[in-house]
Amino acid sequence: MSVDMSNARAVPRLSGQDLAFLAFETRRRPMHIAVRASFELPLGVPAPTLSGLRAIFARAVAREPALQRRLLRSWFRKPRWGDIGPIDVARHIRSLRVDPKHRARDVDVCLRAPLDRDLPLWEIWLLDTPERPRTFELLLKVHQVLIDSVGAVALFERLLESAPVPTLVGRGPGPELYPDAESLGSAANLAHDPFRSTDRTALNGGIAEQRHRRLDVPSASFDRAARRLGGSRNDLLLSVVTGTLQRWFAHSRCSFPMRLRAFCPVSPRPRDSRAGFGNRISPWFVPLPMDEPTLAGRVARVNAATRAFRRKQAEGRGNQMARWVQRLGGWVARLGMAIANYRRDYNLIVTSARGPRALSLLGAHLRELTAFAPLVPGQRVAVAVVEYEGRLFFGVTEGWKRATRGRRLMESLAEELTLLERSALRDDRADSPRALRTSRALRSRVSAAVGS
């Protein structure tokens, strides 16, 4: 694509967070948000062609000036945006032919391939699925320097439909809990001192090869469990992740950690700017109660920690780090991330977002929508959850050398979600005798691992 840059117009500068994301990116650690969408074709409707998709998305991209910008670099200036005007969508919207026997491998290769920095930082891939003639899939990749997770959901909605994007309304917390003094004390200490080292575990280290895994559960049962246990959906999500890691460490040969912390990026966007580009992330470092075997106990302790963060944010102290990075530049974020990796201030990333309304493309209905968060230096697991049409889609990005570790992690997550659906009482007892025996066995394994 040859473009005359002499006519480039002035565009917004890159923020300190944006410069940090560019510095973090390597060949094995791409810093883009990936979305995998599966569509179902009704009877009599043909599958879309690549030329037809390019024509549709070309009109949508023409209404998005940010998707027509690319990075300009020179040896004496920091990277900056350059507005290059109309682009060749054929270089951004392409087809991917996958081998039915190695479908997951081929999709992983596409998802983990870094974006070309000489072009606008986004791509859309049409997956060729001859074994399923009534379905087709799209892969959307947008660089983290261009947009955050909340804006990425709104962008995907705008690309598929030209209707106005509704305001994102967050879910409020559940009924107030009254945890013990120990839980409140640990939450208060974490709120005042978010940078404390965690245990050295297999969740942290170098990235060998990124893999992407997914599963989904009904959101109604998830929300009923959250209301019954007295927490918000995000509190229950972090509690489920904690239970998953308890199972994973109990079954693996790794030592059982006592201190784990999840990095939860929170978007402080006003409700009227949901559809905007750029990154506006405030970090929450939430402790995971690995020594608590019951789901109710985990929700209570996580809820105590998140309430402390909400109070800080309500008092105007929750976004200090984001403001410091914005004022002082990207080197602050790079230095802070280097210190965080050295001190092991967190072990994994957990993020969630409300999905779009029901969408369709060329008469095909969108059935599945899974997002995958990027991995940052020194961190091997990221969990992203998107709600769409009454289901929660879990997208897990992992970077271990052995694929068996990632498969076992997903099996542990599936077991934890199955137990959650069966649970009926606040004390983590289940309706099914088999689920009750599984819960008791988990308690014994966790107790033995903690005692050792």
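What comes next concerns the included structure. A quick note: this is a predicted structure, and the numbers were derived from the prediction, not measured.

1. A few points about the overall build of the protein
A tally of regular secondary structure across the protein gives 12 helices and 14 strands. Burial statistics for the protein: of 452 residues in total, 54% are counted as buried. Across the protein, every contact between residues at least 6 apart in sequence was considered, and the portion connecting residues at least 24 apart equals 76%. A total accessible area of about 20500 Å² is found for the protein, and carbon and sulfur atoms account for 53% of it.

2. Digging into the pairing of strand β13 (residues 381-388)
The buried fraction of β13 amounts to 8 of the 8 residues, a majority that puts the element mostly inside the structure. Both faces of β13 are covered, namely the face carrying Val381, Val383, Val385 and Glu387 and the face carrying Ala382, Ala384, Val386 and Tyr388. Here strand β10 (residues 348-354) runs beside β13; their pairing, made up of 6 bridges, is parallel. When the sheet's bridge partners are listed, Arg354 is paired in β13 with Glu387. If you look at the hairpin formed by β13 and strand β14 (residues 391-398), you'll find 2 residues sitting between the two strands, and Glu389 has a positive phi there, around 50°.

3. Notes on the packing of aromatic side chains
Overall, the coordinates contain 9 aromatic pairs when judged by the stated rule. For the pair Phe249 and Phe256, a centre-to-centre distance of 6.3 Å together with 70° between the ring planes defines the contact as edge-to-face. Judged by its relative accessible area of 2%, Phe249 falls in the buried class. With a centroid separation of 5.9 Å and 50° between ring planes, the pair formed by Phe285 and Tyr346 is classed as tilted. Here Phe285 is found in strand β9 (residues 282-288), whereas its partner Tyr346 is found in the loop between α10 (330-343) and β10, with 61 residues between them in sequence. Here a set of aromatic residues connected by ring pairs shows up, and it is made of Trp248, Phe249, Phe256 and Trp400.

4. Here we look at the nonpolar core
If you look at soluble globular proteins, the nonpolar side chains tend to sit buried side by side. Residues Phe39, Phe57, Leu138 and Leu159 are the most contacted members of the largest nonpolar core, which totals 47 residues. Taken together, the elements giving at least two residues each to this core come down to α1 (16-24), β1 (32-40), α2 (50-62), β5 (122-128), β6 (135-143), α4 (149-160), β12 (364-372) and β13. Those residues in contact with Leu159 that sit more than four places away from it in its chain are Phe57, Ala60, Val61, Leu67 and Ile124. Counting 43 residues, the second-largest nonpolar core is a separate cluster that includes Val240, Phe309, Phe394 and Met410.

Rules used in this analysis
- Residues numbered from 1 in each chain as written.
- Predicted model: local features only at pLDDT ≥ 70, side-chain atom pairs only at ≥ 80, totals over all residues.
- Heavy atoms only, no water.
- Helix = DSSP H or I, 4+ residues; strand = E, 2+ residues; numbered from the N terminus.
- Buried < 20%, exposed > 50% of the residue type's maximum accessible area, 1.4 Å probe, protein only.
- Contact = heavy atoms within 4.5 Å.
- Areas by Shrake-Rupley, 256 points an atom, 1.4 Å probe, with all protein chains shown as cover.
- Pairing = 2+ DSSP bridges.
- Phe/Tyr/Trp six-rings, centres within 6.5 Å; stacked < 30°, edge-to-face > 60°.
- Core = buried A, V, L, I, M, F, W, Y, C linked by side-chain atoms within 4.5 Å.

Everything listed here is a matter of geometry and, on its own, says nothing about what the molecule does.
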